[in-house]
Amino acid sequence: MIDVWTLVRFVHIVGAALWVGGQLTISLAVLPPVRTLLGPDRRVSVLRSVGRRFAVITMAVFLPSQLATGLLLAWHNGVTWQSLTEAGYGRLLLAKLALFALVMVAASVHGIAQGRGRAWLARAAATAALTGSLGVLLLATGLTAG
C-alpha cells in the first residue's frame, strides 16, 4: 500500500538519484567532449554555463527537497538528537548527514574556485563532492537495509 510516507521517501530517493546522476552525467558525459572539442574560450563559457545551471537547480530544487523530505522522514521515524549517537541506525544516519554536509562544502568550494579561475582546486572539490555523494548514497542504502 502506498501511503504519504512512501511518497515522501520516493521524492527523497528520486531527488538524490537525480542530483548524483546529474553530477555523474556532467563528469562522465559532458566534460570529456567539451574539453576535447572546444577551444579554451568556448570551453570555459560552456562549462561555466553548465555549472551555473546545475547549481541553480541544486539550490532551488534538490537541496530544499532533500532537506524537507529528510527532516520529515527523520520525524516520522522518531529520530532524536540522542538517537543519532546510538549504534546502528542512529550512527549510520549521523554519518550520512555529516558526509552530506561535507559534500555541500565541497560543492561550494568548487563553485567559488571555478569562479576565481582556480581550476585545480575546482577539479579537486568537484571530485570530492562526487565521491562524497556516492558515499551518501551508499550510507542511505545501509539505512534502508537496516
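Residues numbered from 1 in each chain as written. Predicted model: local features only at pLDDT ≥ 70, side-chain atom pairs only at ≥ 80, totals over all residues. Heavy atoms only, no water.

### Some words on the overall build of the chain
- On a plain count of helices and strands, the chain comes out with four helices and zero strands.
- Along the chain, from the amino end to the carboxyl end, the secondary structure elements read α-α-α-α.
- For the C-alpha atoms alone, the extent of the chain along its principal axes is close to 55 × 30 × 25 Å.
- Counting all 146 residues of the chain, 28% fall into the buried class.
- A separation of at least 24 residues holds for 68% of the contacts in the chain among residues at least 6 apart in sequence.
- Summed over all atoms, the accessible surface of the chain reaches about 9500 Å², with 71% contributed by carbon and sulfur. (Helix = DSSP H or I, 4+ residues; strand = E, 2+ residues; numbered from the N terminus. Buried < 20%, exposed > 50% of the residue type's maximum accessible area, 1.4 Å probe, protein only. Contact = heavy atoms within 4.5 Å. Areas by Shrake-Rupley, 256 points an atom, 1.4 Å probe, with all protein chains shown as cover.)

### Focus on the nonpolar core
- One finds Trp19, Phe54, Phe100, Val103 and Met104 to be the most contacted residues of the largest nonpolar core, which totals 15 residues.
- Every element with two or more residues in this core is listed here: helix H1 (4-37), helix H2 (40-76), helix H3 (89-115) and helix H4 (119-145).
- Broken down by element, the residue count for this core peaks at five residues, all from H1.
- Not counting residues up to four positions away in its chain, the partners in contact with Phe54 are Trp19, Gly22, Gln23, Ile26 and Phe62. (Core = buried A, V, L, I, M, F, W, Y, C linked by side-chain atoms within 4.5 Å.)

### Details of the packing of aromatic side chains
- Within this structure, the stated rule accounts for three aromatic pairs.
- Ring geometry for Phe54 and Phe62: centres 6.4 Å apart, planes at 55°, overall tilted. There is no split in this pair, since Phe54 and Phe62 are both buried. (Phe/Tyr/Trp six-rings, centres within 6.5 Å; stacked < 30°, edge-to-face > 60°.)

### Brief notes about H3
- Over its 27 residues, H3 runs 39 Å from end to end, which matches the ideal 39 Å to within 8%, given 1.5 Å per residue.
- All of the buried residues in H3 are Gly90, Leu93, Lys96, Phe100, Val103, Met104, Ala106 and Ala113.
- Phi turns positive one or two residues past the end of H3, at Gly117, with a value near 75°. (Expected span 1.5 Å × (residues − 1).)

### Notes on H2
- For H2, built from 37 residues, the straight-helix expectation of 54 Å at 1.5 Å per residue is met to within 8% by its first-to-last C-alpha distance of 50 Å.
- The largest bend in H2 is about 45°, located at Thr58.
- Turning to H2, its buried residues number three or more, namely Leu47, Phe54, Thr58, Phe62, Leu63, Gln66, Thr69, Leu73 and Ala74.
- Tucked inside the fold, the buried residues of H2 contact H1 and H3. (Bend = angle between axes of the 7 residues up to and from the residue.)

### Some details on the confidence of the model for the chain
- Residues at a pLDDT of 70 or more form 99% of the chain, whose mean pLDDT is 91.
- Mean pLDDT values for the elements of the chain range from 90 in H4 up to 93 in H1. (pLDDT = per-residue confidence, 0-100.)

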